[in-house]
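So you can see what is in the structure, the chains are spelled out below.
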Amino acid sequence: MCDEIDTSVEIQAAQLDDAIAAHQRAVSASQASEFCTECGEPISPLRQRLGAHLCIDCQHEFEAADRLYRR
Ligand SMILES: [Zn+2]
């Protein structure tokens, strides 16, 4: 009984690892950028890992504009 549960958890964990790895490959291939696509300022390594393509300032402006347009 317990072995079956352990195995299914292991399979799920392996599938999750695969999904995360695939996502990270897709992000690094298509989106991640060292420099902001709006103003050309460098993007922090943390934001790059999250797939950001805007610097923090442009991201804030983008989100502010997004809120305006949604009204
Ligand atoms: Zn920017």
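Within every chain, residues take consecutive numbers counted from 1 along the sequence as written. Only residues with pLDDT of at least 70 are given local features in this predicted model, and only at 80 or more are side-chain atom pairs given and counted; all residues enter the totals for whole chains, interfaces and linings. The basis for every side-chain value is the complete set of non-hydrogen atoms in the structure, without hydrogens or water.

**Student:** Explanation requested: the overall build of the chain in the structure shown.
**Tutor:** Across its full length, the chain carries three helices and zero strands. Put simply, DSSP H or I for four residues or longer makes a helix, DSSP E for two residues or longer makes a strand, and each gets a number counted from the N terminus. Along the chain, helices and strands appear, N-terminal first, in the series α-α-α. Looking at the 71 residues of the chain, the share that counts as buried comes to 14%. Within the chain, contacts between residues separated by at least 24 positions form 2% of all contacts whose residues are at least 6 apart in sequence. Residue burial is assigned from relative accessible area. The probe radius is 1.4 Å, only protein chains are included, and a residue is buried under 20% of its type maximum, exposed over 50%, and partly exposed in between. By definition in these notes, contact holds between two residues if any of their heavy atoms fall within 4.5 Å.

**Student:** What is the right way to look at the coordination of the zinc ion in this model?
**Tutor:** Working reference: metal with six octahedral donors, ideal angles 90 or 180 degrees; metal with four tetrahedral donors, ideal angle 109.5 degrees. Note that water is not among the atoms considered, so a metal site may appear incomplete; the donors listed are N, O and S atoms within 2.8 Å of the metal, with 3.2 Å applied to Na, K and Ca. Surrounding the zinc ion are the protein donor atoms C36 (SG), C39 (SG), C55 (SG) and C58 (SG), at 2.3 Å. Labels for metal geometry use angle windows, namely 85 to 135 degrees for all angles of a four-donor tetrahedral site, and for square planar (four donors) or octahedral (six donors) sites opposite donors over 155 degrees apart plus all others within 65 to 115; sites meeting none of these are irregular. Taken together, the four donor atoms coordinating the zinc ion span angles of 105 to 117 degrees at the metal, a pattern that classifies the geometry as tetrahedral. The sequence pattern describing where the donors of the zinc ion fall on their chain is C-x2-C-x15-C-x2-C. Of this pair, C36 sits in the loop between α1 (2–30) and α2 (45–49) while C55 sits in the loop between α2 and α3 (56–70), placing them 19 residues apart in sequence.

**Student:** Where do I start with the nonpolar core in this structure?
**Tutor:** Across soluble globular proteins, nonpolar side chains show a tendency to be buried alongside one another. By nonpolar core is meant a set of buried Ala, Val, Leu, Ile, Met, Phe, Trp, Tyr and Cys residues that side-chain atoms within 4.5 Å join together. Counting five residues, the largest nonpolar core is built from C36, I43, L54, C55 and C58. Excluding anything up to four places from it in sequence, C55 contacts C36, C39, E41, P42, I43 and R47.

**Student:** Would you mind going over the UniProt feature "domain: Zinc finger DksA/TraR C4-type" (unreviewed entry) in the chain with me for this structure?
**Tutor:** UniProt positions are given in the numbering used here, feature names are shortened, and annotations may be inferred rather than shown by experiment. Mapped onto the present numbering, the UniProt feature "domain: Zinc finger DksA/TraR C4-type" (unreviewed entry) falls on residues 35–63. Each end of residues 35–63 is marked by a C-alpha atom, and these two atoms are 18 Å apart; helix forms 45% of the span and strand 0%.

**Student:** Please explain the side chain of R47 as it appears in this structure.
**Tutor:** Position of R47 relative to the elements: it lies in helix α2. Of the side chains with opposite charge, E63 comes closest to the buried, unpaired R47, at an N-O distance of 6.8 Å. When sequence neighbours within four positions are dropped, the list of residues in contact with R47 reads A52, L54, C55, I56 and Q59. Under the convention used here, Asp and Glu are negative, Lys and Arg are positive, and both His and the chain ends fall outside the count. By definition, a salt bridge exists where a carboxyl oxygen of Asp or Glu is found within 4 Å of a side-chain nitrogen of Lys or Arg.

**Student:** I keep staring at the confidence of the model for the chain and nothing clicks. Help me out?
**Tutor:** Low pLDDT marks stretches whose predicted atomic positions should not be read closely. As a per-residue measure, pLDDT reflects the predictor's confidence and takes values from 0 up to 100. Across the chain, the average pLDDT comes to 84, with 85% of residues at 70 or higher. Per-element averaging of pLDDT across the chain places α1 at the bottom with 78 and α3 at the top with 91.

**Student:** How should I be thinking about a negative patch on the surface in this particular structure?
**Tutor:** Here, patches come from residues exposed beyond 30% relative accessible area and free of salt bridges, joined within 9 Å for like charges and within 5 Å for nonpolar side chains (Val, Leu, Ile, Met, Phe, Trp, Tyr). Values of accessible area rely on a 1.4 Å probe in the Shrake-Rupley scheme; residue burial ignores everything except the protein chains shown. Here the site of a charge means NZ on Lys, CZ on Arg, CG on Asp, or CD on Glu. There is a patch of like negative charges on the surface, built from D3, E4, D6 and E10. Along the chain, D3 falls in helix α1.

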